Amino acid sequence: MNFHVLTLFPDMIMQGLNTSILGRSMEAGRITLEAVNIRDYTINKHKKVDDYPYGGGAGMLMQAQPVYDAYLAVEDSIPKKSSGKTRVIYLTPQGKTFDQGMAKEFAKEEDLIFLCGHYEGIDERVLEEIVTDFVSIGDYVLTGGELPAMVMIDAIARMVPGVLGNQDSGENESFSNNLLEYPQYSRPEVWQGKKVPEVLLSGDHKKIEEWRLEQSLERTRQLRPELYEKWAGENQEYFVRKEKREERRRKKLLKQLKKQTAVNPNGGVGEGSASEEDT
Ligand code: 4GO
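Residues numbered from 1 in each chain as written. Predicted model: local features only at pLDDT ≥ 70, side-chain atom pairs only at ≥ 80, totals over all residues. Heavy atoms only, no water.

## Overview of the sheet that holds strand S5 (residues 87–97)
In a beta sheet, neighbouring strands pair by backbone hydrogen bonds and run either parallel or antiparallel.
Then comes step 1: Within the open sheet, the five strands sit side by side as S2-S1-S6-S5-S7. Their pairing is parallel. Among the strands making up the open sheet, the edge pair consists of strand S2 (32–37) and strand S7 (133–136). Mean inter-strand twist for the sheet, computed between neighbouring axes without regard to direction, equals 30°.
Then comes step 2: Note: S5 against strand S6 (residues 111–115), four bridges, orientation parallel. For Arg87, the partnering residue across the bridge sits in S6 and is Leu112.
Then comes step 3: Strands strand S1 (2–7), S2, S5 and S6 of the sheet are contacted by helix H3 (residues 64–77), whose axis makes an angle of about 160° with S1. (Pairing = 2+ DSSP bridges. Helix = DSSP H or I, 4+ residues; strand = E, 2+ residues; numbered from the N terminus. Axes fitted to C-alpha atoms, helices over the stretch in contact; angles between N-to-C directions. Contact = heavy atoms within 4.5 Å.)

## Details of a positive patch on the surface
Then comes step 1: A cluster of basic residues, Lys206, Lys207, Lys244, Arg248 and Lys252, forms a positive patch at the surface.
Then comes step 2: Of all elements in the fold, only helix H7 (205–223) and helix H9 (236–263) reach the threshold of two or more residues within the positive patch.
Then comes step 3: Here the positive patch takes three residues from H9, the largest share from any one element. (Patch = residues over 30% accessible without salt bridge, like charges linked within 9 Å, V, L, I, M, F, W, Y side chains within 5 Å. Areas by Shrake-Rupley, 256 points an atom, 1.4 Å probe, with all protein chains shown as cover. Salt bridge = Lys/Arg side-chain N within 4 Å of Asp/Glu carboxyl O. Lys, Arg positive; Asp, Glu negative; His and termini not counted. Charge placed at Lys NZ, Arg CZ, Asp CG, Glu CD.)

## Some details on the packing of aromatic side chains
Then comes step 1: If you walk through the whole model with that rule in mind, you get six aromatic pairs.
Then comes step 2: An angle of 80° between the planes, with centres 5.1 Å apart, marks the rings of Tyr238 and Phe239 as edge-to-face.
Then comes step 3: Residue Tyr238 is classed as buried on the basis of its relative accessible area, which comes to 7%.
Then comes step 4: Among the residues examined, Phe239 registers a relative accessible area of 30% and is labelled partly exposed. (Phe/Tyr/Trp six-rings, centres within 6.5 Å; stacked < 30°, edge-to-face > 60°. Buried < 20%, exposed > 50% of the residue type's maximum accessible area, 1.4 Å probe, protein only.)

The values are spatial; any link to function lies outside them.
Dropping the structure here:
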């Protein structure tokens, strides 16, 4: 997948995303990242890219011309695809709020163009002309679209097959099933007197899966009740299966108890035990 970023601060983009997992994915060629300096496309002899807003008001606006010409250069460099125009994402507090579902959708594209504004924003006419998706990363105002673009690129890139070493770790985390992630533990087994939950040491993978899902559900119910309700509505069969499982366990326990009582009418309480003295 190829990310193209139109920005006045290309170094910020390149340096912010070349580390760790994304850095390795770029080296491996699974993703490419290109930051195009909008300033390189201005026809202004002083390399100016901004001007005062018509009608007055605070601050400066990015002008349409350099943004449009930078966009055309990038679009012309992308091999034509049958499904039409490349999606162009403008980062703005006025956009639709970015989430995991959007990250998954965008990850299906071969190329994405991000447009980063600065100052008070960009001349509306060029936005109308080229932008396909207006996206916000949350309800706050930033000085530029670069950080939101980087946030989106990180979230999208990790959904591209092969970017995460472990095939299922992209799918298996917070939000991919609309639940928060279960707690995780690594060595040592005891730290500051706190023990790793016993079930995780049991080697019983079915039990572990069950425990993790229960932890996820309980966390989500406590911290994000609206996500929990959505999951519960879409996974009603889970509660039916859980009820059946618990019923089976109750029956098994009762059977064991009855068997023990038949063999030893004292209920397994031996002579001189604390329980007997208590009675
Ligand atoms: C995006 C862009 C916030 C977001 C931005 C956000 N602030 N919440 N600022 O995703 C145009 C000039 C918008 C600065 C930019």
